[in-house]
Amino acid sequence: MAKKKKEEIRFAPTGIGDVNEGAVQKGVDLPDATDKTHKDLGLSEEQLLAMFEQMYLQRRFEERSMQQYQKGKFGGFLHLYIGQEAISTGTTFALDDEDDIITAYRDHGWGLCRGISAKAGMAELFGKATGSSRGKGGSMHFANAEKKFWGGYGIVGGHIPINAGFAFANKYNANGNISACFFGDGAVDQGALHETLNLAQLWKLPAIFVVENNGYSMGTAAARHTVAEIVDRAKGYNMKSAVINGMDLFSVYEKMKEIADDVRENSEPWFVEIRTYRYRGHSMSDPQKYRTKEELEEYQKIDPIQRLKTYLLENELAKEDQLKEIEDKVEQEVLDAVEFADESPFPEEKELYEDMFVEDDPYFHV
Amino acid sequence: MAELQFREALKHAIDEEMDRDERVFIMGEEVAEYNGAYKVTEGLLDKYGFKRVIDTPISELGFAGLGVGAAMRGLRPIVEFMTFNFAVLAADQIINHATKVKYMTGGQIDCPIVFRGPNASAGQLGATHSVSYDSMYAHFPGLKVIYPSEPGDAKGLLKSAIRDDNPVIFMESEQMYGMKGEVSDAEDFIIPIGKGKIKREGSDVTVVAHGKMYHVAVQAANQLAKDGIECEIIDPRTVKPLDLPLIIESIKKTNRCVLVDEAHPFGGLAAEIGFLIQREAFDYLDAPVQRVCLPDVNAPFSKKLFDAWFPSPKQVIDAVNQVTYRT
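None of these values were measured; they are calculated from a predicted model.

(A) A look at helix α9 (residues 244–254) of chain B. All names here are of chain B. Turning to α9, its buried residues are I247, S250, I251 and T254. For α9, the angular spread of buried residues about the axis comes to 100°, placing them on one side. The elements touched by buried residues of α9 are β9 (197–200), β10 (205–209), β11 (231–235), β13 (257–260) and α10 (269–281). At the C-terminal side of α9, N255 shows a positive phi close to 65°.

(B) Examining the pairing of strand β4 (residues 207–213) of chain A more closely. Residues and elements named next belong to chain A. Most of β4 is tucked away, with 7 of its 7 residues classed as buried. Bridging between strand β3 (residues 179–184) and β4 involves 6 bridges; their strand directions are parallel. Note on β4: the bridge partner recorded for G184 is E212. Note on the crossover from β3 through helix α6 (residues 191–202) to β4: the handedness is right-handed. Pairing of β4 with strand β8 (residues 270–275) involves 6 bridges; the strand directions are parallel. Paired with N213 across the bridge in β8 is R275.

(C) Molecular detail of the nonpolar core. With 198 residues, the main nonpolar core has A:I208, B:V207, B:A217, B:V258, B:V260 and B:V316 as its most contacted residues. In this structure, this core is formed jointly by two domains, domain 1 (2–183) and domain 2 (197–323) of chain B, each of which donates at least three residues. Membership of the second largest hydrophobic core comes to 5 residues, among which are A:Y69, A:L78, A:L80 and A:I82.

(D) Just unusual backbone geometry, in detail. Residues B:K240 and B:P241 are joined by a peptide bond in cis, for which omega reads 0°. Backbone geometry places A:E316, a non-glycine residue, at a positive phi of 50°. Summarising the element assignment, A:E316 is placed in the loop between α10 (304–314) and α11 (320–343).

(E) Geometry of the interface of chain B and chain A. Opposite the 37 residues of chain B that make contact, chain A presents 34 residues. Among the elements of the structure, α3 (60–72), α4 (91–98) and α5 (101–104) of chain B are those that each provide at least two residues to the side of chain B that touches chain A. Per-element accounting of the side of chain B that touches chain A gives the leading share, 10 residues, to α3(B). Residue classes in the side of chain B that touches chain A are distributed as 14 nonpolar, 16 polar and 7 charged.

(F) Quick look at the environment of B:E80. Residues and elements named next belong to chain B. Counting through the fold element by element, E80 comes out in strand β4 (residues 76–80). Its 29 C-beta neighbours within 10 Å are what place E80 among the buried residues. When the C-alpha positions of E80 and F115 are compared, they lie 6.0 Å apart, and in sequence the two are 35 residues distant. Not counting residues up to four positions away in its chain, the partners in contact with E80 are I26, G28, V31, R116 and G117.

(G) Structural context of the domain arrangement of chain B. All names here are of chain B. Segmentation of chain B into domains returns domain 1 (2–183) and domain 2 (197–323). Centre-to-centre, using C-alpha coordinates, domain 1 lies 26 Å away from domain 2. Going through the elements one at a time, α6 (134–138), β6 (144–146) and α7 (151–163) are the ones with two or more residues in the side of domain 1 that touches domain 2. Across the side of domain 1 that touches domain 2, the residue classes tally to 11 nonpolar, 10 polar and 3 charged.

Quick notes on the rules
- Residues numbered from 1 in each chain as written.
- Chains lettered and ligands numbered in written order.
- Predicted model: local features only at pLDDT ≥ 70, side-chain atom pairs only at ≥ 80, totals over all residues.
- Buried ≥ 20, exposed ≤ 12 C-beta atoms within 10 Å, placed from the backbone.
- Helix = DSSP H or I, 4+ residues; strand = E, 2+ residues; numbered from the N terminus.
- Arc of directions from axis to C-beta.
- Contact = placed C-beta atoms within 7 Å.
- Pairing = 2+ DSSP bridges.
- Right-handed = clockwise from strand over helix to strand, strands pointing away.
- Core = buried A, V, L, I, M, F, W, Y, C linked by C-beta atoms within 7 Å.
- Domains from an automatic or database assignment.
- Nonpolar A, V, L, I, M, F, W, Y, C, P; charged D, E, K, R; others polar.

Structure (structure tokens):
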């Protein structure tokens with residue numbers, strides 16, 4: 001009798017290898033984009049141009065920041081949002097300015113959307129005193145409390161319950177505001193998400209919890225780290241949910257606006273999966289062996305910025321030179337930001353002890 | 001002065017602060033309809049309603065984080081843990097978020113929140129319900145840590161904690177909730193955070209003890225007094241900020257010190273104060289500082305083993321005898 005081949009014991013599903021052996025080939029599949037026009041969505045031409053400018057700013061800001069990182073101008077982590085700009089932009093335009101936003105460590109785009117200037121953002125990356133968090137936070141901790149952008153957070157899933165707290169405060173104060181929280185697909189495996197979804201639904205909190213599913217939890221494809229469809233997590237909590245094409249600005253804007261209206265009106269939370277793609281590695285030292293070049297190219301072909309540009313031109317909402325003008329302006333803004341960051345002073349040593357406590361003369365144990 | 005139970009003193013503090021500030025609310029497991037697992041919140045639901053006295057699921061990470069978010073948005077949450085042993089599940093929110101959000105955003109966001117509940121052992125509850133966490137939290141920058149021993153201190157310090165604009169850890173004890181003590185009747189009675197108290201004057205040895213250990217120290221001191229040894233007992237009340245000058249001044253008088261701490265020995269408050277004493281009062285010491293704390297062993301269940309595990313007045317007496325060279 002032939003010996004039965006001994007099967008190798010495996011736990012985590014494997015990636016990119018032999019598909020017949022169950023290897024995972026792909027990060028994420030996109031749902032269809034909306035076929036609505038900007039008019040259907042109630043967006044003006046000015047708004048479209050502002051959205052284009054915002055997305056282009058995020059893109060160029062990060063491309064330049066990457067260059068500066070590579071030149072050794074600053075250290076630490078640098079998680080780039082490139083490819084995902086339609087989500088931050090579509091959402092910020094869909095929400096009210098008074099609504100709360102919180103995100104994870106891939107936060108530059110969100111900060112720029114919520115009023116952090118390219119200068120203050122770049123200076124923060126450089127660790128300068130003129131940075132948006134006075135050089136105390138760096139890439140992962142952009143924040144602009146004045147504009148209700150409560151920051152980028154570095155513990156995967158850790159900021160999700162905090163968003164429930166924002167919604168709690170909004171309901172407590174009956175101010176009509178809602179809060180929206182963004183996190184990567186890696187965070188859906190954290191207990192913090194599940195505890196928060198339960199609390200949010202139980203207490204009817206006006207909150208939106210959004211997975212920006214870019215297909216990869218660092219180097220692990222979604223199908224290698226989580227079971228079933230991510231959006232179906234909502235079912236266990238009897239929570240309203242949606243899946244959105246995150247490579248298309250109009251799709252994000254349309255659905256996030258609908259959801260925001262519903263949350264505001266009914267004070268009930270939503271769980272939303274926005275599918276997207278990050279073009280760059282997880283952080284700066286990532287050889288990206290967990291995905292194929294073809295997959296990356298497939299998404300770059302449907303780039304959200306290019307898509308909006310094409311829409312603007314094809315529908316004769318803007319002329320080439322008008323868009324070029326915006327691009328040139330943004331380019332200059334980002335170059336100025338680099339110069340500003342470079343020339344700004346580092347924080348003084350005494351600032352090490354500032355911002356720990358509210359009082360002016362706090363106790364420090366020595 | 002009124003004589004109140006520890007739990008009543010806490011309730012009065014919470015009640016008074018909720019009364020004076022609409023932003024203060026309390027949440028935790030069984031705090032509302034059940035009237036509190038240890039009756040600290042008894043009657044508060046009736047007085048303040050469901051908006052401000054809120055029952056949570058058993059979901060420490062979730063509701064602690066929710067509290068942090070609410071505090072970041074201007075409310076003043078009191079988050080009750082049924083015990084700090086369960087708060088370990090919420091440690092990410094306390095340690096990584098509440099204490100860090102202000103700093104890492106360059107001062108933009110405050111987090112005025114109180115995490116409170118019973119700490120350390122409550123008798124034979126086994127290994128997972130018996131750990132003392134005050135030293136652990138005191139390790140982290142950005143936290144104030146309070147572990148009072150008597151009802152009067154508890155009320156005055158809890159009111160200060162609720163008014164504090166920073167995150168504060170406030171620790172109690174299941175075994176002290178029924179303990180009675182004098183509580184000031186003064187309107188708006190407040191004890192500042194970071195101030196210790198000489199609770200028994202003596203000239204022979206300084207005994208530093210806080211929380212439940214204070215009572216162990218008192219028993220030992222009463223016994224020693226019969227032998228003519230007068231202990232000066234200092235209750236720091238607040239673990240951090242630590243009232244070090246009060247301790248050092250006492251040691252300059254007594255030249256001897258015993259530290260009584262409910263934590264395990266490695267890196268606990270006793271270890272820290274011991275270091276500080278050698279730095280600040282080296283020339284004043286007539287004997288090496290001794291400490292009485294838990295052994296480096298988990299809490300056992302069996303009564304006999306438990307009694308061997310838990311710090312006793314006898315151990316304190318032995319330590320005092322050691323530093324006074326009476327052995």
